[in-house]
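Observations on chain architecture
Take a look at the letters that make up each chain.
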Amino acid sequence: MIVSRTQLVLFFALLHYRAESQQEVLIEESLEVESVQGPTGGRVELPCDVSPALSADKVGLVIWYKQGHETPIYSLDAREGITSQWSDPSTLGNRATFRTNTTPAVLVLNKLRPEDSGQYRCRVDFIKSPTKNSRLNLTVLIPPDRLIVISEGNDEVHGNILGPYDEGAEVNLTCIAVGGRPIARVSWWKSHALLANSEARATVSLKLHRPDFGTDITCQAVTDPSIPPLSNRLSIDMNLPPLSVRIQGGKRPLVAGQSTELTCQVVGARPKPVISWWKGGTKLTTVRDSTSMDGNITISVLTFVPAIEDAGRVLSCRAAQPKISHTTREDGWKMEIQHLPVVTLKFGANLDADKVVEGSDIYLDCRVRANPWYSNVHFTHNGITVKAGPGVLLANQTLVLQHVSRQAAGPYVCSATNILGDGFSSPLILDVKYAPTCKSEQPINIRAARGEVVEIECIVDANPKVSLTFQWWFNSTTHAKRELKISPLNVQNQAGTILYVVNSSADYGWVQCVASNLVGSQTLPCVYHILPAEKPSAVRNCDITNVTYDSLTLNCTPGHDGGVRQTFFLEVFDKTTGMLLRNISNEEPLFEVPGLSTSGVLALSIRSYNSKGLSEAFTLACSLLQYPERRTAQVPVKVELTTLLITVLAAVVIITIMAAVSAAVCYCKYCNNREDTNEKAKRSQEESLNVLLTGEKKTDSADSLDKNPDIIPLNTKLSDTCSNKSSNTDYSSVRPLISTTNVDEFEIPNRFNAHYNHAINSTYQYEHPLRYRIPNFQPSLAPMPNIGTNVYRQPFHNVYEDWLRYKNALPLDSSHLLPLEQLRPPEEYISPPPPVLSDLCPNPNSQCHLQESHLREMGQRHSSNESNPALSQNLKMSDLPSVRVHSESSSAYFNKFGVATNTIPRMKGTNTMSPKPRLKEMKLDSTKSTETETD
């Protein structure tokens, strides 16, 4: 085993030596080197031949080497059956990947770096085949670092703007590429046109024109087509003069005094030009500028208020490019100014305005300047248009005033009109000089007492008012006209005033004054009538009105004022204490005195006074109302019946009378309505009772009764009235209610048997007499007119003759009563009892339907009643009519012949029954009767 192991080791060592010797031989023999290029930051594939020389062989180990590195930089080991890859972190890192699924296999390098350039060797070890080595040279392409543009002055161009250059300038530009591998080629481009191309640097020469403004030229540097070129784009900036300057809107007239905006447009100037506006040689400053988005058009707006003096001046807009000499452009025109008429009003030639005297002739000239021309000229004086007339002449633009008067003085204005409006001149004041005249045309009365000094002022109207002189005269009926001398006292006063002294009655008369000025003297003097003056007279007819607890009103009639204006004053005293309570003055003798607080008598004293003194006092006394009694004052109060007061009083009286009459009428109507209401109520009650008696209303006709199915119609009607006074009442006309019930089903109480001994059908029910009020009157026996002389009635009450008594006999409470057909024995409405057989059967040939049993039963009942006088008397006293009431139609019907009906219930019982059971039986039968009728 030891020998065998040793042999194996030697064998493998020999094989390894042979393999290395063969590999060295192959490396040394391999002289071909493949070149590969890749851009910086890009991707490159390094090929490696991994195909074995022997078939059925496979790769065991792949190792990549780089020149300058002693250790492998990448390996792929597939010897253990598991493929594993390794990359040198400091050289390739995770940027390398070996792919064996391509032919040949490649080592993919991503994100190439400049340091990745160099010679690479790929060694492939197979399991059986000899080792293969592949060599290749990797070149990493590096673009230039930057481009430098140098102008003609060897100055580096910074930024993307070239210039600015003037139009027509020569421009030389050089572009240099710095860095890069391999050396880059540099070229100049304008749009898509190639201007220059060379290695490392390129130069271009350009002559600039206006179209070159804003043009882009580009410098490019390219190292390899696979690498994007490095470029620098430059824009040419130029100084351009304006192409055009124009005032928009053209030449047009301007209106003086109106603000106007004018626009100047400058096109083609670069950069923004300097725009200025000029009016002649004056620069205008109210300007605002704006530039378009592309900077090619500049707008300047002038806000301008032209004046009339601007007419004929040149208005211009100037645009200049300061960086280019001799490039100023201008647009403008002479201004035409339209304006309102400019009017000037002056006095005519050879006329001195300061020497216009009343009565002279005046000429006024109106001069007008207008654009457009005026069409009308007129004059105004004190705002009123002057029209031609006597003494007033209008010729063209001249106003002539002949024999001018003082009224013609004042301001004059001339106005002219054109299409823009009216123009007015400044007011021209016409000052007309005239001699003094007295302002008062009538004499002035002056009241003066003897010994009084009166100041008289001579009031005159004059122009001029300076240097006025006055003369005074006195005239009376007893003295001739004499001049009054001016005393030294008068000199101290103002001119035109004299102090006149009234010493005696001879000094009363007329004082005259005459004034003079530079124009002349007064023709008519001013006259002052001096009249005697005295104290005023006392007031009279004083009345106290509106007296309250704290105020009163006093009204008097004034007396003579003494020739001078007088004033009234009132003094109110407390008569008890003498204290002055009020002191009031007034121009009229009417005083309202409020705020008095005294319980005593008031003393009132009223006086009048003028400049000459006081009048005598008028005194009176009064008392105020005592609060709160409001007593009447002691002094009689005079009430003035004015028209308004009389009207108010008359209206109050008329309204009061109308209200009283209306109340009386309303009360009468109310009483009448109340009586009518009571009468209607009584009438309705009587009619309802009438219905209970007769079964029909007064307004019901025979047809309405005939239509009732429960009534057998007859040819006669029951009378509407029943009273004691009507003894001829025909009870045979009552409509009977015919019953179909057999007579045998009813039993007549024993108390009624004494009254009936006839063979007639008795079908009536009766109620106990204690349930009803029995009237206390004696029954009367009266023959019935329709029966005959041989038939007599049994005694019965006359309730059927007087329905009022019947009403009083009705029960107060009818809720428990039986039907009304039980209220009376049947004999009251049968033929007068006892009937004769001839009456029951008037026709001998006809068959009488009375049965013997009925006759026998009636005879027994009659005999039993005769044997019991008390019961017979009770029956007589309690006889009530047999009435049937229909609850739905509210009508009552009477049975005259006692014919049975199917609605009358039977009463069963014997004559020996006690009153109490009989009463209970009657109540029971009443209930049954009500149920039967309801059914």
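The structure displayed is predicted, hence computed values, not measured ones. (Residues numbered from 1 in each chain as written. Predicted model: local features only at pLDDT ≥ 70, side-chain atom pairs only at ≥ 80, totals over all residues. Heavy atoms only, no water.)

With that settled, the discussion passes to the overall build of the protein. The helix and strand tally for the protein stands at nine helices and 54 strands. Out of the 935 residues in the protein, the part that is buried amounts to 40%. Across the protein, every contact between residues at least 6 apart in sequence was considered, and the portion connecting residues at least 24 apart equals 66%. In the form shown here, the protein has an accessible surface area of approximately 53000 Å², with 53% of it arising from carbon and sulfur atoms. (Helix = DSSP H or I, 4+ residues; strand = E, 2+ residues; numbered from the N terminus. Buried < 20%, exposed > 50% of the residue type's maximum accessible area, 1.4 Å probe, protein only. Contact = heavy atoms within 4.5 Å. Areas by Shrake-Rupley, 256 points an atom, 1.4 Å probe, with all protein chains shown as cover.)

Here the focus is unusual backbone geometry. The linkage connecting Arg181 with the following residue, Pro182, adopts the cis geometry, with an omega of -5 degrees. Inspection of the secondary structure puts Pro182 in the loop between strand 12 (170-178) and strand 13 (185-190). Looking along the chain, the bond that leaves Asn371 and enters Pro372 is cis, with omega of 0 degrees. By the element assignment, Pro372 lies in the loop between strand 28 (362-371) and strand 29 (376-381). Even without glycine at this site, Asn546 takes up a positive phi of about 55 degrees.

Before going further, it helps to spend a moment on the UniProt feature "transmembrane region" (unreviewed entry) in the protein. Taking the UniProt record as the reference, the feature "transmembrane region" (unreviewed entry) is found at residues 644-668. Measuring from the first to the last C-alpha atom of residues 644-668 gives 36 Å, for a span that is 100% helix and 0% strand. (UniProt positions renumbered as here; feature names shortened; annotations may be inferred.)

Before going further, it helps to spend a moment on the pairing of strand 29. Bridge count for strand 29 against strand 33 (residues 410-418) is six bridges, and the pairing is antiparallel. Along strand 33, the bridge assignment pairs Asn376 with Thr417. Where strand 29 lies against strand 30 (residues 384-385), two bridges are found, and the strand directions are antiparallel. The residue bridging His381 from the neighbouring strand is Ile384, located in strand 30. (Pairing = 2+ DSSP bridges.)

Taken together, the side chains of Val653, Ile657, Val661 and Val665 define a hydrophobic patch exposed on the protein surface, amounting to about 340 Å² of accessible area. By secondary structure assignment, the location of Val665 is in helix 3 (residues 643-694). Under the relative-accessibility criterion, Val665 is labelled partly exposed at 39%. (Patch = residues over 30% accessible without salt bridge, like charges linked within 9 Å, V, L, I, M, F, W, Y side chains within 5 Å. Salt bridge = Lys/Arg side-chain N within 4 Å of Asp/Glu carboxyl O.)

As a further point, take the sheet that holds strand 20 (residues 260-267). Sheet architecture is open: four strands sit in the order 18-20-24-23, paired in antiparallel fashion. Of all strands in the sheet, those with a lone pairing partner are strand 18 (244-247) and strand 23 (287-291), marking the two edges. Geometrically, the sheet is characterised by an average inter-axis angle of 15 degrees between neighbouring strands, direction not taken into account. By the bridge criterion, eight bridges tie strand 20 to strand 24 (residues 297-304) in an arrangement that is antiparallel. (Axes fitted to C-alpha atoms, helices over the stretch in contact; angles between N-to-C directions.)

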